[in-house]
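Fold and geometry: a report
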Amino acid sequence: MSALSFPRKLMPNRRHVASSVASNGNSSHTANRSVPLSKRLLFPTTLASSFELPPLFLNPSISPEFNAELYDFIALALRAFVQPWWTKITRYDKEFLPIITGILTHVFRTLEDRLAKARQRGDLAELVFRNVPTVITQHYRDFRLAQSKLTSSYAAGGALSIPTLFHASQSHMAVKPGGEIDLDYVRFLVDHILKTCLPKEDWDPEAERLIVREIIVKIVVQDILGKITQPWFIEKMILQQLMNIPSTKPKVAVSHSNGFSMHTLLVFVLTMIQSISGVCLALVHAYRQLIVTIREVNQHSSIIETAPTYTLDPLLHNPPPPSLPVETDPLLISRTSSNRSASSLKPSISSSSLDSSSGDPSSSEEEYHDTDYPHDHATCSLLMLAEIFTTNTRFASNTILSTVGMATSQGVAGRWLDKFLPYLLTRTLSISLMQNITRTAKHTLFPNGYPAPPPIDPTAEEQAETRRRLVEFLDGDALAPLLLGPNPSDTISTALEPLESRECNVHLIMLLLDQIMGVLFPELFKGT
C-alpha cells in the first residue's frame, strides 16, 4: 500500500501559509515602524504602546510637542553619530544610548536652572540690551580706528594690516595676533561647563572627561566658530533675516483714462468710506492691544520683583520638579542643588579688555531687586545703530536718533521701556520659538532621517552677489534716505566693512562668548 494520503480538503495550502506568514511579518514590521524612533532607540526596554516620553525639562508647562521634537532630534543625532561606531564595539548592547539620554537630560535641566536664575537676577535682559550692543559698538569703533591708522606712522608706514592694528587696540587672551583661537582657553571653558552640567559619576573618570572635552572643543572651534566668523556667513545670515521681513511697499494704483462720471464718483466715495472705517477699526484694535500690553508688562515686572522664584515664561521658569516614576525618568541621577551664588555680571567694555564688576556673592536676590537704578535698556541699542550707520555725520539721521534717544531714556517712557523690553524678550524666547528652531534644525541636518552632506562654501562670485543684494536691499525705499542718507547703498556698504575681516570677527565672537558665559556661569568671572 502506498504512503498515507490525506484528503485534499485536509491538505494545507502552501500559498495560503506563505501569504499568512508574509502578512504577519509585514504587520509586525509596520507596527514597529509606527512607533516613534525616539521610543524605539532611546527607551528600548519599555512597552511603546503604554509609554509616554518623560520630560526633558523640569517645567511641567512645557508642551509635549516640544518635548517630542527634542527627543526626535536627539534620537536622530545618536543614530547618525554614535550608533554606527558603538555597534562595531558591541553589537547587542542597547543600554548605551539610554545612558547618553539620561546625561543629556541632566545637562538640559542644569542649563534650565541657570537660565532661570540669570533671568531672575536681570542678567538676561542686561546681556541682550546692554552688553551685546556695547560689544558690537566697541568693535565698530576699534575697527574704524584701526582703519584710520592704516596710512599713518602707527602702521609703520603701511606695513601693518588692519587685523594687526585691531588686535593691538582690542587684545583678547583667547585670540592670537593672527586671528587664531587659543584652544587652551576654550578647553578651560568647556571643562567648567562639563563640571557644572555633568553628573558626578560622569565627571570623575578622567578619560571620559577628556574625550568629551576634546570632541566639544573641535566642534566649537572648527565647525562653529570657524564658520560664523567668516564674512560671507554673517552677510548671508543678515540677508536671510531681511528677506523674512514682510514687504510694506504700497500697491501702485492703476489709473483709468475714463472721464468724470457718477459711477466714478460713487466708487470714490465708497472707497473713502471703506478706508476711513478700516483706519478706525485699526486704531480701536491698536488701542485695545496697547492696554492689554501695558497691563501684561506691569504684571510681568511686579511678578519678577515680588516672586523671584517664579516667572511667566514657561521656558525660563524653574518650578519644583514634578514627581516622576523612576522607571520612566531618563535622569536616574539625583540633582544636587548648587550652593554657590554669584553676583550679576556687569561688564564694561573698553578698547583693550572686558572687565566684570564683582559683587558680594552672599547678597540675596531681593536686595538686588530693591536697588532701584535706571537700566536704560534702549540707549545702548540706539548708540549701536548710530555707530553702525554713522548717523552722526548726517543732520537728519542724527536729529531723529537724538530725539528718539531723549524720548526713550527720560521720564515715564524710559521707565516703561525698561519694563517693556524684558517683557518683549520673555515673549520672544517662547516655547513655540524653541520648537520651531528644533524642527528647522532637524529638517536641515537630517532631511531624510540621516545627516545631509556638508554644505559647500560659496565661491567668490556667490559671496560678491550676496553682498551686492544686501547693499542694494533698501534701494527704492522712500524712508531709507532719512536714516541712511541720500545714498543708502553706500551707507550699508560702509556698515558692512567692520564685519568683512575674519580676524577681527574672531575678537567679536569671543567677546560675545565671554558675555554669554558670564550670564550662565557668573562664578567664572568672580573677582575679575
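Note that the structure is predicted; figures quoted are calculated from it, not measured.

Notes on the overall build of the chain
Counting its secondary structure elements, the chain contains 21 helices and two strands. Residues classed as buried in the chain amount to 36% of the 528 residues present. Across the chain, every contact between residues at least 6 apart in sequence was considered, and the portion connecting residues at least 24 apart equals 75%. Of the roughly 32,200 Å² of accessible surface on the chain, 63% is carried by carbon and sulfur atoms.

What to know about the pattern of salt bridges
Under the counting rule described, the total for this entry stands at 21 salt bridges. For E126, the salt bridge is made with R130, and the minimal N-O distance between the two is 3.2 Å. Here R130 and E126 lie together in helix 6 (residues 123-148), a separation of four residues that amounts to about one turn. Using a relative accessible area of 3% as the deciding quantity, one classes E126 as buried. The residue K200 makes a salt bridge to D204 at a minimum N-O spacing of 2.8 Å. Residue classification places K200 among the exposed positions, given a relative accessible area of 59%.

Thoughts on helix 6
Look at helix 6: 35 Å from first C-alpha to last across 26 residues, which is about the 38 Å you get at 1.5 Å a residue. At N131, helix 6 shows its maximal bend, which comes to roughly 30°, and the proline P133 appears one to four places after that position.

So, the nonpolar core
Counting residues in each nonpolar core, the largest one holds 23 residues, and the members touching the most others are I181, V186, M510, M517 and L524. At the level of elements, helix 5 (96-121), helix 8 (183-197), helix 10 (206-228) and helix 21 (502-520) are the ones that each hand at least two residues to this core. Among the elements that line this core, the one with the most residues is helix 8, at six residues. Of all hydrophobic cores here, the second largest spans 22 residues; its members include F51, L70, Y71 and L78.

A few points about the packing of helix 6 against helix 21
Contact geometry of helix 6 with helix 21 gives a least axis separation of 10 Å together with a crossing angle of 160°. By the angle between their directions, the pair helix 6 and helix 21 is classed as roughly antiparallel. Our pair here, helix 6 against helix 21, has a crossing hand that is right-handed. Contacts between helix 6 and helix 21 pair D123, L124, L127, N131, V132, V135, I136, H139 and F143 from the former with C504, N505, L508, L511, L512, Q515, I516 and V519 from the latter. The class makeup of the residues in the contact of helix 6 with helix 21 is 12 nonpolar, four polar and one charged.

Quick notes on the side chain of N131
You can see N131 is positioned in helix 6. Polar side-chain contacts of N131 include one of 3.2 Å to the side chain of Q515.

Points about the packing of aromatic side chains
Scanning the model with the defined rule gives 11 aromatic pairs in all. Taking 4.1 Å as the distance between ring centres and 20° as the angle between the ring planes, the aromatic pair formed by W86 and F96 counts as stacked. Separated by 10 residues along the polypeptide, W86 in helix 4 (residues 83-89) and F96 in helix 5 bring together distant segments of the chain. Owing to a relative accessible area of 21%, F96 belongs among the partly exposed residues under this scheme. Site record: aromatic cluster; members linked through ring pairs are F57, F66 and F108.

Thoughts on the confidence of the model for the chain
Taken residue by residue, the chain gives an average pLDDT of 77. The fraction at 70 or more is 75%. In this model, residues 14-19 is a region of pLDDT below 50 whose contacts with residues beyond four sequence positions or in other chains number zero contacts.

Overview of the side chain of Q435
Positionally, Q435 belongs in helix 17 (residues 431-445). Residue class for Q435 comes out buried when judged on its relative accessible area of 13%. Q435 has contacts with S63, E65, F66 and E69, leaving out every residue within four places of it along the chain.

Observations concerning a nonpolar patch on the surface
Together, M262, L265, L266, F268, V269, L270, M272, I273 and I276 line one region of the surface with nonpolar side chains, adding up to about 880 Å² of accessible area. For L270, the position within the fold is in helix 12 (residues 262-306).

Concerning the environment of L445
Its place among the elements puts L445 in helix 17. For the pair L445 and L76, spaced 369 residues apart in the sequence, the C-alpha separation amounts to 9.4 Å.

A short note on the environment of P488
For P488, the position within the fold is in helix 20 (residues 488-496). Judged by its relative accessible area of 9%, P488 falls in the buried class. Put simply, P488 and E472 are 16 residues apart on the chain and 7.9 Å apart in space, counted from C-alpha to C-alpha. Each residue touching P488, except ones within four places of it in the same chain, is listed here: A480 and P481.

Remarks on unusual backbone geometry
Positive phi outside glycine occurs at T390, with the angle close to 45°. Position of T390 relative to the elements: it lies in the loop between helix 14 (377-388) and helix 15 (395-409). The class of T390 is partly exposed, set by a relative accessible area of 24%.

Here we look at helix 18 (residues 460-471)
For helix 18, spanning 12 residues, the distance from its first C-alpha to its last is 16 Å, which sits close to the expected 16 Å at 1.5 Å a residue. Of the residues making up helix 18, those classed as buried are T466, L470 and V471. The buried residues of helix 18 occupy an angular sector of 130° when projected down its axis, which confines them to one face. Contacts from the buried residues of helix 18 go to helix 11 (231-243) and helix 20.

Rules of the game
Residues take numbers from 1 onward in each chain, read along the sequence in its written order. Given that the model is predicted, a residue must reach a pLDDT of at least 70 before its local features are reported, and side-chain atom pairs must reach 80 or more before they are shown or counted; all residues, however, enter totals for whole chains, interfaces and linings. No hydrogens and no water enter the side-chain calculation; it runs on all heavy atoms of the structure. Secondary structure elements are taken from DSSP: a helix is a run of H or I of four residues or more, a strand is a run of E of two residues or more, and numbering for both begins at the N terminus. Accessible area is worked out with a 1.4 Å probe on protein chains only. A residue is then buried under 20% of its type maximum, exposed over 50%, and partly exposed in between. Residue contacts are counted whenever heavy atoms from the two residues lie within 4.5 Å of one another. Computed by Shrake-Rupley with a 1.4 Å probe, the accessible areas treat only the displayed protein chains as cover when residues are assessed. Think of a salt bridge as a Lys or Arg side-chain nitrogen and an Asp or Glu carboxyl oxygen that are within 4 Å of each other. Residue count minus one, scaled by 1.5 Å, sets the expected span of a helix. The quantity called bend is, for any residue, the angle between two axes fitted respectively to the seven residues ending at it and the seven beginning at it. To form a nonpolar core, buried Ala, Val, Leu, Ile, Met, Phe, Trp, Tyr and Cys residues must be joined to one another through side-chain atoms within 4.5 Å. Comment: axis = line fitted to C-alpha atoms, over the contacting stretch for helices; angle = value between 0 and 180 degrees taken between N-to-C directions. Here roughly perpendicular refers to angles of 65 to 115 degrees, roughly parallel to angles under 35, roughly antiparallel to angles over 145, and oblique to all remaining angles. Left-handed is the label given to a crossing in which the near helix is rotated counterclockwise from the far helix by less than a right angle, and right-handed is the label when the rotation is clockwise. Here the nonpolar group is Ala, Val, Leu, Ile, Met, Phe, Trp, Tyr, Cys and Pro; Asp, Glu, Lys and Arg are the charged ones; every other residue, Gly included, is treated as polar. Polar contacts here mean pairs of N or O atoms no more than 3.5 Å apart (in protein, one a potential hydrogen donor and the other a potential acceptor; neighbouring residues in sequence count only if both atoms are side-chain atoms). We call Phe, Tyr and Trp rings a pair once their centres come within 6.5 Å, taking the six-membered ring for Trp, and we label the pair stacked below 30 degrees between planes, edge-to-face above 60, and tilted otherwise. Think of pLDDT as the predictor's per-residue confidence, scored from 0 to 100. Candidates for patches are residues over 30% relative accessible area with no salt bridge; among them, like charges are joined within 9 Å and nonpolar side chains (Val, Leu, Ile, Met, Phe, Trp, Tyr) within 5 Å. Summarising the geometry, the arc corresponds to the directions from the helix axis toward the C-beta atoms.

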